[in-house]
Amino acid sequence: MKLFAIGALLLTSFLPASFANAANKADLYDLLNRIDLELRYYDQNPAILDSVKFDLEKALSTLRGEVVNPRECMDFAYESYRKDGYSNSSSLEKAKTYCSQARSLGASIEVIKYFYAGLTKDGYSNSSSLTKALEMSHNLSERDLGCIDEAYNRYKADGYSNRSALEKSADFCRI
C-alpha cells in the first residue's frame, strides 16, 4: 500500500506529454493500478520491494526535475575533478560534496552539464566550470532546458560571451 501511495504522488506532478508517442497520464494510472494489484494479491520478497521502492522514488524525482541519478552526478563531477589533476580520493570526496550541494539546491544534472559545457568553451577549468554551473543551475530542472537553450541562443546572437549568455538564460528561465 505504501508503494501505491508513492505511485499516486508521482501522478500529481505530471507535465503534459509533448510528443505523439509519449506516455500519458492514463498509461501511468494503468501501470499504477497493475502495481497495486500485484502488491495486494501476491507476496513479494523484501529485496524486490526495496528495488521497486527505489525505482518509484527515482520516478518521482524525475517528475520533479531533481537530480535524478546520484551516480550520474558523482561520475560526472569525479571525472571533471580528475581532468583537473586531483587525485582519485580527492576527486571522489569533492564529487560527493558537489552532488550533495546540487541536491540541496534543487539543481538538475542535465542543466549542470549544459552550463558546464558552455563554461568550458569559454576556457574555464573543469572544476571552475563545475562550481559556476552549480551556482547558475539552482532551482532549474531538466524541463527548463528548452527555455535555457532558446534564451542562451538569443543572448549569444547579441554578442554575449558563453558565461554571460548562460547567466542571463538561467536568470530568465528561473521561476
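Heads up: these notes are all about the structure in this document. As the structure is a prediction and not an experimental result, all values here were calculated from the model.

Turning our eyes to something else, we now look at the state of the cysteines. By the definition in use, this model includes two disulfides. With its sulfur 2.1 Å from that of its partner, Cys147 forms a disulfide with Cys173. Between Cys147 and Cys173 the sulfur-sulfur dihedral comes to about -90 degrees; the bridge is accordingly left-handed. Note that Cys147 is positioned in helix α8 (residues 145-157) and Cys173 in helix α9 (residues 162-173), a separation of 26 residues in sequence. Assessed through its relative accessible area of 4%, Cys173 is described here as buried. If one numbers only the bonded cysteines of the protein chain, in the order they occur, the disulfide pattern is 1-2, 3-4.

Residues Leu37, Tyr41 and Tyr42 make up a contiguous nonpolar surface patch of roughly 380 Å² in combined accessible area. Along the chain, Tyr42 turns up in the loop between α2 (25-41) and α3 (46-64).

Turning our eyes to something else, we now look at the packing of aromatic side chains. Applying the stated criterion to the full structure yields five aromatic pairs. Here the aromatic rings of Tyr114 and Tyr152 are separated by 6.1 Å at their centres, their planes lie at 85 degrees, and the arrangement is edge-to-face. Taken together, the positions of Tyr114 in helix α6 (residues 109-121) and Tyr152 in helix α8 put the pair 38 residues apart, joining distant regions of the chain. Each member of the aromatic cluster is reached from another via a ring pair, and the members are Tyr114, Phe115 and Tyr152. Lys94 extends its terminal NZ or CZ atom over the ring of Tyr81, reaching a point 5.8 Å from the ring centre.

Counting 27 residues, the largest nonpolar core has Ala77, Tyr98, Ile112, Phe115, Leu130, Ala133 and Leu140 as its most contacted members. If we skip the residues at most four places from it in the chain, Leu140 touches Gly106, Ala107, Ser108, Val111, Phe115, Ile148, Ala170, Cys173 and Arg174.

For the rest of this paragraph, the subject is the packing of helix α4 (residues 70-83) against helix α5 (residues 88-105). Between α4 and α5, whose axes approach to 8 Å, the crossing angle comes to 135 degrees. By the angle between their directions, the pair α4 and α5 is classed as oblique. Pair α4 / α5 crosses with right-handed handedness. Between α4 and α5, the residues in contact are Pro70, Cys73, Met74, Ala77, Tyr78, Tyr81 and Arg82 and Asn88, Ser91, Leu92, Lys94, Ala95, Lys96, Tyr98, Cys99 and Arg103, respectively. Residue composition of the contact of α4 with α5, by class: ten nonpolar, two polar and four charged.

What counts as what
Residues numbered from 1 in each chain as written. Predicted model: local features only at pLDDT ≥ 70, side-chain atom pairs only at ≥ 80, totals over all residues. Heavy atoms only, no water. Disulfide = S-S within 2.5 Å. Helix = DSSP H or I, 4+ residues; strand = E, 2+ residues; numbered from the N terminus. Buried < 20%, exposed > 50% of the residue type's maximum accessible area, 1.4 Å probe, protein only. Patch = residues over 30% accessible without salt bridge, like charges linked within 9 Å, V, L, I, M, F, W, Y side chains within 5 Å. Areas by Shrake-Rupley, 256 points an atom, 1.4 Å probe, with all protein chains shown as cover. Salt bridge = Lys/Arg side-chain N within 4 Å of Asp/Glu carboxyl O. Phe/Tyr/Trp six-rings, centres within 6.5 Å; stacked < 30°, edge-to-face > 60°. Lys NZ or Arg CZ within 6 Å of the ring centre and 35° of its normal. Core = buried A, V, L, I, M, F, W, Y, C linked by side-chain atoms within 4.5 Å. Contact = heavy atoms within 4.5 Å. Axes fitted to C-alpha atoms, helices over the stretch in contact; angles between N-to-C directions. Parallel < 35°, antiparallel > 145°, perpendicular 65-115°, else oblique. Left-handed = near helix turned anticlockwise from the far one by under 90°. Nonpolar A, V, L, I, M, F, W, Y, C, P; charged D, E, K, R; others polar.

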